[in-house]
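Chain residues, written in single-letter form:
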Amino acid sequence: MVTDEQLEIRALAREFAAGEIRPHVEAWDAARELPGEIFEKLGELGFAGMRIPEAYGGLDLDIASYLLALEALGWGDPAVALALAIHNGPVPGAILAHGSEAQKERWLPELASGERLAAFALSEPEAGSDPGGLEARATKTAGGWQLDGTKRWVTNGDRAGLLLLFARSGSEGGEGRPGGEGISAFLLPRETPGIEVSGRERTLGFSASETVTLTLDGVEVGDDALLGGEGEGLRIALGALEIGRAGVAALALGIAEAAREHALRYADEREQFGSPLSGFGAIQEKLAGMELRVAQARALLLDVAGELEAGSPGPLATPRSLRARCALAKIAASEAAMWCSDEAVQIFGGYGYMRDYPVEKLMRDAKGTEIFEGSNEVLRMLVARDAVGGAD
Ligand SMILES: Cc1cc2nc3c(=O)[nH]c(=O)nc-3n(C[C@H](O)[C@H](O)[C@H](O)COP(=O)(O)OP(=O)(O)OC[C@H]3O[C@@H](n4cnc5c(N)ncnc54)[C@H](O)[C@@H]3O)c2cc1C
(Lines give C-alpha, C1' and ligand atoms only; values in the text may rest on other atoms or scores of the structure.)
Protein backbone atom coordinates (compact mmCIF):
# COMPACT_ATOMS: atom_id res chain seq x y z
CA MET A 1 0.00 0.00 0.00
CA VAL A 2 1.47 3.34 -1.05
CA THR A 3 1.03 6.10 1.54
CA ASP A 4 -0.06 9.69 0.89
CA GLU A 5 3.42 10.90 1.86
CA GLN A 6 5.03 8.58 -0.68
CA LEU A 7 2.63 9.77 -3.38
CA GLU A 8 3.48 13.38 -2.52
CA ILE A 9 7.18 12.71 -3.08
CA ARG A 10 6.35 11.09 -6.43
CA ALA A 11 4.14 14.04 -7.39
CA LEU A 12 6.90 16.51 -6.50
CA ALA A 13 9.41 14.58 -8.63
CA ARG A 14 6.89 14.35 -11.50
CA GLU A 15 6.21 18.07 -11.35
CA PHE A 16 9.93 18.80 -11.44
CA ALA A 17 10.44 16.33 -14.29
CA ALA A 18 7.56 17.81 -16.30
CA GLY A 19 8.66 21.43 -15.81
CA GLU A 20 12.44 21.32 -15.58
CA ILE A 21 13.51 18.15 -17.37
CA ARG A 22 11.17 17.07 -20.17
CA PRO A 23 11.29 20.36 -22.14
CA HIS A 24 15.08 19.93 -22.52
CA VAL A 25 15.49 16.21 -23.01
CA GLU A 26 15.85 16.29 -26.78
CA ALA A 27 18.49 19.02 -26.63
CA TRP A 28 20.47 17.28 -23.87
CA ASP A 29 20.35 14.01 -25.76
CA ALA A 30 21.63 15.69 -28.94
CA ALA A 31 24.34 17.57 -27.03
CA ARG A 32 25.28 14.35 -25.17
CA GLU A 33 25.45 16.31 -21.95
CA LEU A 34 23.40 17.23 -18.90
CA PRO A 35 23.83 20.85 -17.80
CA GLY A 36 25.29 21.49 -14.35
CA GLU A 37 22.24 23.59 -13.39
CA ILE A 38 19.98 20.56 -13.40
CA PHE A 39 22.07 18.98 -10.66
CA GLU A 40 22.07 22.26 -8.72
CA LYS A 41 18.27 22.40 -8.87
CA LEU A 42 17.95 18.74 -7.89
CA GLY A 43 20.31 19.36 -4.99
CA GLU A 44 18.30 22.39 -3.81
CA LEU A 45 15.14 20.24 -3.70
CA GLY A 46 16.88 17.51 -1.73
CA PHE A 47 17.00 14.94 -4.56
CA ALA A 48 20.75 14.54 -4.07
CA GLY A 49 20.34 13.28 -0.52
CA MET A 50 17.25 11.12 -0.74
CA ARG A 51 18.70 8.15 1.15
CA ILE A 52 21.11 10.01 3.43
CA PRO A 53 20.08 10.43 7.11
CA GLU A 54 19.04 13.89 8.26
CA ALA A 55 22.02 13.99 10.63
CA TYR A 56 24.25 14.24 7.54
CA GLY A 57 22.00 16.70 5.71
CA GLY A 58 19.85 14.28 3.70
CA LEU A 59 16.09 13.74 3.41
CA ASP A 60 16.26 10.20 4.82
CA LEU A 61 13.41 9.05 2.57
CA ASP A 62 12.06 5.56 2.99
CA ILE A 63 12.96 3.22 0.12
CA ALA A 64 9.52 3.22 -1.55
CA SER A 65 9.49 7.06 -1.64
CA TYR A 66 13.00 7.07 -3.05
CA LEU A 67 12.11 4.58 -5.79
CA LEU A 68 8.88 6.41 -6.66
CA ALA A 69 10.87 9.64 -7.02
CA LEU A 70 13.42 7.90 -9.25
CA GLU A 71 10.63 6.45 -11.36
CA ALA A 72 9.21 9.95 -11.88
CA LEU A 73 12.64 11.35 -12.76
CA GLY A 74 13.17 8.41 -15.16
CA TRP A 75 9.84 9.30 -16.75
CA GLY A 76 11.32 12.79 -17.21
CA ASP A 77 14.72 11.70 -18.50
CA PRO A 78 16.36 8.33 -17.84
CA ALA A 79 19.82 9.95 -18.09
CA VAL A 80 19.05 12.28 -15.16
CA ALA A 81 17.58 9.40 -13.18
CA LEU A 82 20.62 7.18 -13.81
CA ALA A 83 22.98 9.88 -12.54
CA LEU A 84 20.85 10.19 -9.40
CA ALA A 85 20.35 6.45 -8.95
CA ILE A 86 24.11 5.95 -8.66
CA HIS A 87 24.59 9.08 -6.60
CA ASN A 88 21.79 8.23 -4.13
CA GLY A 89 22.03 4.43 -4.15
CA PRO A 90 25.17 2.31 -4.08
CA VAL A 91 27.65 5.00 -3.05
CA PRO A 92 25.99 6.46 0.09
CA GLY A 93 24.62 2.99 0.80
CA ALA A 94 28.14 1.56 0.97
CA ILE A 95 29.41 4.48 3.08
CA LEU A 96 26.53 4.11 5.55
CA ALA A 97 26.98 0.35 5.79
CA HIS A 98 30.78 0.17 5.95
CA GLY A 99 32.19 3.66 6.58
CA SER A 100 33.80 4.94 9.76
CA GLU A 101 32.10 7.87 11.48
CA ALA A 102 34.88 10.11 10.11
CA GLN A 103 34.19 8.91 6.55
CA LYS A 104 30.45 9.50 6.98
CA GLU A 105 31.03 13.02 8.29
CA ARG A 106 33.57 13.73 5.56
CA TRP A 107 31.49 12.62 2.56
CA LEU A 108 27.77 12.35 3.25
CA PRO A 109 26.94 16.05 3.77
CA GLU A 110 28.64 17.00 0.49
CA LEU A 111 26.78 14.22 -1.31
CA ALA A 112 23.46 15.19 0.29
CA SER A 113 23.73 18.82 -0.80
CA GLY A 114 24.77 17.84 -4.32
CA GLU A 115 28.08 19.66 -3.92
CA ARG A 116 29.77 16.41 -4.93
CA LEU A 117 28.20 13.93 -7.32
CA ALA A 118 29.08 10.28 -6.71
CA ALA A 119 30.30 7.62 -9.15
CA PHE A 120 30.69 3.86 -8.75
CA ALA A 121 33.78 2.51 -10.51
CA LEU A 122 33.73 -1.28 -10.54
CA SER A 123 33.78 -2.39 -14.21
CA GLU A 124 36.98 -2.68 -16.22
CA PRO A 125 37.75 -3.43 -19.87
CA GLU A 126 38.24 -7.13 -19.08
CA ALA A 127 35.94 -7.41 -16.06
CA GLY A 128 32.24 -6.59 -16.47
CA SER A 129 29.85 -9.33 -15.42
CA ASP A 130 32.68 -10.92 -13.45
CA PRO A 131 34.08 -8.16 -11.22
CA GLY A 132 36.11 -10.80 -9.36
CA GLY A 133 38.48 -10.61 -12.33
CA LEU A 134 39.27 -6.91 -11.98
CA GLU A 135 42.90 -5.89 -12.34
CA ALA A 136 43.23 -2.31 -11.02
CA ARG A 137 45.94 -2.40 -8.34
CA ALA A 138 46.03 -0.95 -4.86
CA THR A 139 49.59 -1.08 -3.48
CA LYS A 140 50.24 -0.36 0.20
CA THR A 141 52.53 2.63 0.80
CA ALA A 142 53.92 4.09 4.02
CA GLY A 143 51.02 6.52 4.52
CA GLY A 144 48.24 4.87 2.54
CA TRP A 145 47.73 3.38 -0.91
CA GLN A 146 48.81 3.83 -4.51
CA LEU A 147 46.16 3.05 -7.10
CA ASP A 148 46.80 2.15 -10.75
CA GLY A 149 44.57 0.78 -13.48
CA THR A 150 41.64 1.45 -15.78
CA LYS A 151 37.95 1.71 -14.94
CA ARG A 152 35.49 1.43 -17.80
CA TRP A 153 31.96 2.79 -18.27
CA VAL A 154 31.93 4.95 -15.15
CA THR A 155 28.60 6.81 -15.06
CA ASN A 156 29.04 10.40 -13.74
CA GLY A 157 32.78 9.68 -14.04
CA ASP A 158 33.88 13.12 -15.18
CA ARG A 159 31.43 15.29 -13.25
CA ALA A 160 31.69 13.26 -10.06
CA GLY A 161 33.35 14.69 -6.97
CA LEU A 162 33.63 11.33 -5.23
CA LEU A 163 34.51 7.92 -6.66
CA LEU A 164 33.74 4.65 -4.92
CA LEU A 165 36.40 2.58 -6.64
CA PHE A 166 37.39 -1.05 -6.38
CA ALA A 167 40.95 -2.30 -6.78
CA ARG A 168 42.99 -5.41 -6.05
CA SER A 169 44.99 -4.92 -2.86
CA GLY A 170 46.11 -8.46 -2.19
CA SER A 171 45.57 -12.09 -2.94
CA GLU A 172 45.70 -13.21 -6.54
CA GLY A 173 43.16 -15.95 -5.81
CA GLY A 174 43.55 -19.40 -7.28
CA GLU A 175 42.74 -21.65 -10.22
CA GLY A 176 44.23 -19.36 -12.83
CA ARG A 177 41.92 -16.40 -12.21
CA PRO A 178 42.31 -13.50 -9.82
CA GLY A 179 39.19 -14.07 -7.68
CA GLY A 180 37.36 -11.65 -5.42
CA GLU A 181 39.25 -12.18 -2.16
CA GLY A 182 41.90 -9.50 -2.64
CA ILE A 183 39.62 -6.65 -3.74
CA SER A 184 39.25 -3.54 -1.58
CA ALA A 185 36.96 -0.50 -1.80
CA PHE A 186 38.29 3.07 -1.82
CA LEU A 187 36.70 6.51 -1.53
CA LEU A 188 38.58 8.90 -3.79
CA PRO A 189 38.03 12.61 -4.26
CA ARG A 190 37.79 13.00 -8.03
CA GLU A 191 40.39 15.79 -7.98
CA THR A 192 43.12 13.48 -6.65
CA PRO A 193 46.16 13.86 -8.96
CA GLY A 194 46.64 10.95 -11.38
CA ILE A 195 42.96 10.32 -12.19
CA GLU A 196 42.30 11.11 -15.84
CA VAL A 197 39.28 10.73 -18.11
CA SER A 198 40.82 8.79 -20.98
CA GLY A 199 37.65 8.23 -23.01
CA ARG A 200 34.02 9.29 -23.30
CA GLU A 201 31.70 6.68 -24.80
CA ARG A 202 29.29 7.30 -27.67
CA THR A 203 26.37 5.26 -26.42
CA LEU A 204 23.19 4.00 -28.12
CA GLY A 205 20.99 5.52 -25.41
CA PHE A 206 21.56 7.48 -22.19
CA SER A 207 23.48 9.79 -24.51
CA ALA A 208 23.41 12.72 -22.10
CA SER A 209 24.76 10.56 -19.29
CA GLU A 210 28.51 10.64 -18.78
CA THR A 211 29.88 7.17 -19.47
CA VAL A 212 33.66 7.47 -19.28
CA THR A 213 36.86 5.52 -18.93
CA LEU A 214 39.02 6.57 -16.01
CA THR A 215 42.76 5.89 -15.91
CA LEU A 216 44.53 5.84 -12.58
CA ASP A 217 48.27 6.36 -12.77
CA GLY A 218 50.19 6.46 -9.49
CA VAL A 219 47.21 7.84 -7.56
CA GLU A 220 48.24 8.40 -3.92
CA VAL A 221 45.60 8.28 -1.18
CA GLY A 222 45.76 8.04 2.59
CA ASP A 223 44.72 5.10 4.76
CA ASP A 224 41.44 6.92 5.37
CA ALA A 225 40.43 6.25 1.74
CA LEU A 226 39.93 2.54 2.44
CA LEU A 227 36.21 1.76 2.93
CA GLY A 228 35.60 -1.22 5.19
CA GLY A 229 38.35 -3.73 5.74
CA GLU A 230 41.10 -4.69 3.33
CA GLY A 231 39.84 -7.46 1.02
CA GLU A 232 36.16 -6.69 1.70
CA GLY A 233 35.66 -4.75 -1.54
CA LEU A 234 33.72 -7.30 -3.56
CA ARG A 235 31.35 -7.96 -0.68
CA ILE A 236 30.81 -4.19 -0.33
CA ALA A 237 30.22 -3.82 -4.08
CA LEU A 238 27.73 -6.67 -4.29
CA GLY A 239 25.87 -5.39 -1.21
CA ALA A 240 25.69 -1.87 -2.67
CA LEU A 241 24.27 -3.26 -5.91
CA GLU A 242 21.04 -4.30 -4.17
CA ILE A 243 19.79 -0.73 -3.81
CA GLY A 244 21.56 0.07 -7.11
CA ARG A 245 19.49 -2.54 -8.95
CA ALA A 246 16.28 -1.41 -7.28
CA GLY A 247 17.14 2.13 -8.47
CA VAL A 248 17.70 0.99 -12.05
CA ALA A 249 14.41 -0.93 -11.84
CA ALA A 250 12.67 2.30 -10.79
CA LEU A 251 14.09 4.39 -13.61
CA ALA A 252 13.33 1.59 -16.09
CA LEU A 253 9.76 1.62 -14.83
CA GLY A 254 9.74 5.36 -15.56
CA ILE A 255 10.74 4.56 -19.16
CA ALA A 256 7.97 1.94 -19.46
CA GLU A 257 5.46 4.36 -17.99
CA ALA A 258 6.48 7.14 -20.39
CA ALA A 259 6.23 4.77 -23.38
CA ARG A 260 2.82 3.60 -22.18
CA GLU A 261 1.50 7.16 -21.87
CA HIS A 262 2.83 8.28 -25.25
CA ALA A 263 1.39 5.18 -26.93
CA LEU A 264 -2.05 5.59 -25.34
CA ARG A 265 -2.29 9.23 -26.36
CA TYR A 266 -1.08 8.63 -29.91
CA ALA A 267 -3.26 5.56 -30.45
CA ASP A 268 -6.26 7.64 -29.47
CA GLU A 269 -5.37 10.66 -31.65
CA ARG A 270 -4.06 9.06 -34.84
CA GLU A 271 -6.73 7.90 -37.30
CA GLN A 272 -6.36 5.45 -40.16
CA PHE A 273 -9.12 3.66 -42.09
CA GLY A 274 -11.54 6.15 -40.50
CA SER A 275 -10.87 5.00 -36.95
CA PRO A 276 -8.44 5.86 -34.15
CA LEU A 277 -5.60 3.32 -33.97
CA SER A 278 -6.89 2.42 -30.50
CA GLY A 279 -9.97 0.89 -32.18
CA PHE A 280 -7.93 -1.87 -33.86
CA GLY A 281 -7.49 -5.22 -32.14
CA ALA A 282 -3.79 -5.50 -32.98
CA ILE A 283 -3.10 -2.13 -31.32
CA GLN A 284 -5.32 -2.93 -28.32
CA GLU A 285 -3.25 -6.05 -27.74
CA LYS A 286 -0.11 -3.93 -27.58
CA LEU A 287 -1.77 -1.40 -25.24
CA ALA A 288 -3.00 -4.16 -22.95
CA GLY A 289 0.49 -5.70 -22.97
CA MET A 290 1.92 -2.38 -21.79
CA GLU A 291 -0.63 -2.12 -18.98
CA LEU A 292 0.23 -5.64 -17.89
CA ARG A 293 4.00 -5.18 -17.89
CA VAL A 294 3.94 -1.79 -16.16
CA ALA A 295 1.57 -3.10 -13.49
CA GLN A 296 3.67 -6.25 -12.92
CA ALA A 297 6.95 -4.35 -12.72
CA ARG A 298 5.49 -1.75 -10.35
CA ALA A 299 3.94 -4.32 -8.03
CA LEU A 300 7.20 -6.26 -7.76
CA LEU A 301 9.26 -3.12 -7.22
CA LEU A 302 6.98 -1.88 -4.44
CA ASP A 303 7.13 -5.31 -2.80
CA VAL A 304 10.92 -5.26 -2.99
CA ALA A 305 10.98 -1.69 -1.58
CA GLY A 306 9.13 -2.95 1.49
CA GLU A 307 11.45 -5.94 1.80
CA LEU A 308 14.56 -3.75 1.57
CA GLU A 309 13.08 -1.49 4.24
CA ALA A 310 12.35 -4.47 6.49
CA GLY A 311 15.75 -6.03 5.77
CA SER A 312 14.31 -9.34 4.61
CA PRO A 313 11.96 -10.72 1.92
CA GLY A 314 8.22 -10.87 2.65
CA PRO A 315 6.55 -14.06 3.93
CA LEU A 316 5.39 -15.18 0.46
CA ALA A 317 8.39 -13.84 -1.48
CA THR A 318 10.43 -16.13 -3.68
CA PRO A 319 13.33 -16.52 -4.10
CA ARG A 320 14.27 -15.98 -0.47
CA SER A 321 17.22 -13.57 -0.64
CA LEU A 322 17.04 -9.78 -0.95
CA ARG A 323 19.83 -9.94 -3.52
CA ALA A 324 17.73 -12.15 -5.80
CA ARG A 325 14.57 -10.12 -5.18
CA CYS A 326 16.34 -6.90 -6.26
CA ALA A 327 17.69 -8.73 -9.32
CA LEU A 328 14.17 -9.90 -10.16
CA ALA A 329 12.78 -6.37 -9.87
CA LYS A 330 15.51 -5.06 -12.17
CA ILE A 331 14.88 -7.79 -14.77
CA ALA A 332 11.10 -7.21 -14.73
CA ALA A 333 11.28 -3.42 -15.01
CA SER A 334 14.03 -3.31 -17.65
CA GLU A 335 12.21 -5.84 -19.80
CA ALA A 336 8.96 -3.91 -19.36
CA ALA A 337 10.82 -0.77 -20.48
CA MET A 338 12.24 -2.54 -23.53
CA TRP A 339 8.94 -4.15 -24.52
CA CYS A 340 6.80 -1.05 -23.99
CA SER A 341 9.18 1.31 -25.79
CA ASP A 342 9.56 -1.10 -28.72
CA GLU A 343 5.78 -1.39 -29.08
CA ALA A 344 5.36 2.37 -28.63
CA VAL A 345 7.68 2.94 -31.60
CA GLN A 346 5.59 0.44 -33.58
CA ILE A 347 2.33 2.19 -32.66
CA PHE A 348 3.78 5.55 -33.76
CA GLY A 349 4.68 3.90 -37.09
CA GLY A 350 7.01 5.95 -39.30
CA TYR A 351 6.79 8.87 -36.87
CA GLY A 352 7.99 6.59 -34.09
CA TYR A 353 11.17 5.96 -36.04
CA MET A 354 11.90 9.70 -36.28
CA ARG A 355 14.08 11.59 -33.82
CA ASP A 356 11.37 14.31 -33.68
CA TYR A 357 9.12 12.05 -31.59
CA PRO A 358 9.99 10.95 -28.05
CA VAL A 359 9.55 7.18 -28.28
CA GLU A 360 12.68 6.19 -30.22
CA LYS A 361 14.84 7.67 -27.45
CA LEU A 362 12.93 5.67 -24.85
CA MET A 363 13.71 2.52 -26.82
CA ARG A 364 17.42 3.41 -27.02
CA ASP A 365 17.51 4.15 -23.29
CA ALA A 366 15.55 1.02 -22.36
CA LYS A 367 18.20 -1.23 -23.89
CA GLY A 368 20.81 0.08 -21.47
CA THR A 369 18.74 -0.93 -18.46
CA GLU A 370 18.91 -4.57 -19.59
CA ILE A 371 22.71 -4.39 -19.57
CA PHE A 372 24.06 -2.24 -16.73
CA GLU A 373 23.94 -2.81 -12.97
CA GLY A 374 24.24 -6.53 -13.84
CA SER A 375 23.11 -7.80 -17.24
CA ASN A 376 19.78 -9.60 -17.21
CA GLU A 377 21.46 -12.90 -18.14
CA VAL A 378 23.76 -12.71 -15.15
CA LEU A 379 20.91 -11.62 -12.88
CA ARG A 380 18.80 -14.58 -14.07
CA MET A 381 21.71 -16.84 -13.14
CA LEU A 382 21.78 -15.25 -9.68
CA VAL A 383 17.99 -15.62 -9.28
CA ALA A 384 18.06 -19.26 -10.38
CA ARG A 385 20.92 -20.12 -8.02
CA ASP A 386 19.10 -18.55 -5.08
CA ALA A 387 15.84 -20.26 -6.05
CA VAL A 388 17.50 -23.69 -6.31
CA GLY A 389 19.46 -23.12 -3.09
CA GLY A 390 16.35 -22.05 -1.19
CA ALA A 391 14.00 -24.73 -2.55
CA ASP A 392 12.20 -26.86 0.06
C1 LIG B 1 25.58 3.01 -20.18
C2 LIG B 1 26.38 2.17 -19.22
C3 LIG B 1 26.69 2.68 -17.97
C4 LIG B 1 27.46 1.92 -17.08
N5 LIG B 1 27.79 2.45 -15.86
C6 LIG B 1 28.61 1.76 -15.02
C7 LIG B 1 29.06 2.34 -13.78
O8 LIG B 1 28.68 3.46 -13.42
N9 LIG B 1 29.94 1.63 -13.04
C10 LIG B 1 30.39 0.39 -13.40
O11 LIG B 1 31.17 -0.20 -12.66
N12 LIG B 1 29.98 -0.19 -14.56
C13 LIG B 1 29.10 0.46 -15.37
N14 LIG B 1 28.69 -0.11 -16.57
C15 LIG B 1 29.19 -1.44 -16.92
C16 LIG B 1 28.11 -2.53 -16.85
O17 LIG B 1 27.79 -2.81 -15.52
C18 LIG B 1 28.64 -3.73 -17.64
O19 LIG B 1 28.58 -3.38 -19.01
C20 LIG B 1 27.84 -4.97 -17.38
O21 LIG B 1 28.02 -5.44 -16.07
C22 LIG B 1 28.20 -6.12 -18.37
O23 LIG B 1 29.58 -6.28 -18.44
P24 LIG B 1 30.31 -6.33 -19.88
O25 LIG B 1 29.82 -5.16 -20.64
O26 LIG B 1 31.76 -6.46 -19.66
O27 LIG B 1 29.74 -7.61 -20.59
P28 LIG B 1 30.28 -9.12 -20.44
O29 LIG B 1 30.46 -9.45 -19.01
O30 LIG B 1 31.43 -9.31 -21.35
O31 LIG B 1 29.04 -9.91 -21.01
C32 LIG B 1 28.72 -9.93 -22.40
C33 LIG B 1 27.43 -10.72 -22.59
O34 LIG B 1 27.60 -12.04 -22.07
C35 LIG B 1 26.63 -12.29 -21.08
N36 LIG B 1 27.24 -13.09 -20.00
C37 LIG B 1 28.37 -12.84 -19.28
N38 LIG B 1 28.58 -13.80 -18.38
C39 LIG B 1 27.55 -14.68 -18.51
C40 LIG B 1 27.19 -15.88 -17.83
N41 LIG B 1 27.92 -16.38 -16.84
N42 LIG B 1 26.07 -16.52 -18.24
C43 LIG B 1 25.30 -16.02 -19.25
N44 LIG B 1 25.60 -14.90 -19.91
C45 LIG B 1 26.71 -14.23 -19.54
C46 LIG B 1 26.17 -10.94 -20.58
O47 LIG B 1 24.88 -10.99 -20.07
C48 LIG B 1 26.25 -10.12 -21.85
O49 LIG B 1 25.06 -10.34 -22.59
C50 LIG B 1 27.90 0.63 -17.45
C51 LIG B 1 27.55 0.11 -18.71
C52 LIG B 1 26.81 0.87 -19.59
C53 LIG B 1 26.47 0.29 -20.93
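Each value, and the rule that gives it
- Residues numbered from 1 in each chain as written.
- Predicted model: local features only at pLDDT ≥ 70, side-chain atom pairs only at ≥ 80, totals over all residues.
- Helix = DSSP H or I, 4+ residues; strand = E, 2+ residues; numbered from the N terminus.
- Rg over C-alpha atoms; globule rule 2.2 N^0.38 Å.
- Buried ≥ 20, exposed ≤ 12 C-beta atoms within 10 Å, placed from the backbone.
- Contact = placed C-beta atoms within 7 Å.
- Near = placed C-beta within 6 Å.
- Nonpolar A, V, L, I, M, F, W, Y, C, P; charged D, E, K, R; others polar.
- Domains from an automatic or database assignment.
- Axes fitted to C-alpha atoms, helices over the stretch in contact; angles between N-to-C directions.
- Parallel < 35°, antiparallel > 145°, perpendicular 65-115°, else oblique.
- Pairing = 2+ DSSP bridges.
- Left-handed = near helix turned anticlockwise from the far one by under 90°.

Asks: Any chance you could explain the overall build of the protein chain here in plain terms?
Replies: Within the protein chain, the regular secondary structure consists of 12 helices and 10 strands. Rg of the C-alpha trace for the protein chain: 21 Å, near the compact-globule value of 21 Å for 392 residues, within the 12% margin. Each principal axis of the C-alpha atoms in the protein chain carries an extent, and together these give about 80 × 55 × 45 Å. Looking at the protein chain as a whole, 51% of its 392 residues are labelled buried. Intrachain contacts of the protein chain at a sequence separation of at least 6 include 75% that bridge at least 24 residues.

Asks: Quick question: what am I supposed to make of the site of the ligand here?
Replies: Near the ligand lie 21 residues; those nearest to it are Ser123, Gly128, Ser129, Ser375 and Glu377. Listed by contribution, the elements that provide at least two residues to the shell around the ligand are β1 (118-121), β3 (144-155) and α12 (376-389). Residues of the shell around the ligand, tallied by class, amount to 11 nonpolar, nine polar and one charged. Here the shell around the ligand gathers at least three residues from each of two domains, domain 2 (118-231) and domain 3 (235-389).

Asks: Teacher, can you tell me more about the packing of helix α4 (residues 63-76) against helix α9 (residues 281-310) here?
Replies: To characterise two packed helices, one gives the angle between the axes of the helices and the distance between these axes. Contact pair α4 / α9: the axes reach a minimum separation of 8 Å and the direction vectors enclose 140 degrees. The angle between the axes of α4 and α9 places the two elements in the oblique class. Together, Ile63, Ala64 and Leu67 of α4 and Leu301, Leu302, Ala305, Gly306, Leu308 and Glu309 of α9 make up the contact between the two elements. Among the residues making up the contact of α4 with α9, the classes are represented as seven nonpolar, one polar and one charged.

Asks: I'm lost on the pairing of β3 in this one. Help?
Replies: Working note: regular strand, side chains alternate between the two faces of the sheet. The pairing of strand β2 (residues 137-140) with β3 spans four bridges and is antiparallel. Bridging from a neighbouring strand, Thr139 pairs with Gln146 of β3. Taking the residues between adjacent antiparallel strands as the criterion, β2 and β3 are bridged by three residues. Bridge analysis of β3 against strand β7 (residues 211-222) gives nine bridges, and the strand direction is antiparallel. Residue pairing across strands places Leu147 opposite Val219, the latter belonging to β7.

Asks: I keep staring at the packing of helix α10 (residues 322-352) against α12 and nothing clicks. Help me out?
Replies: Following both chains from N to C, one finds α10 and α12 inclined at 140 degrees, their axes separated by 9 Å at the closest point. Comparing their axes, α12 and α10 come out oblique. For the element pair α10 and α12, the recorded crossing hand is left-handed. The residues of α12 that touch α10, namely those facing Arg323, Ala324, Ala327, Leu328, Lys330, Ile331, Ser334 and Glu335, are Asn376, Leu379, Arg380, Leu382, Val383 and Asp386. Broken down by class, the residue content of the contact of α10 with α12 amounts to seven nonpolar, two polar and five charged.

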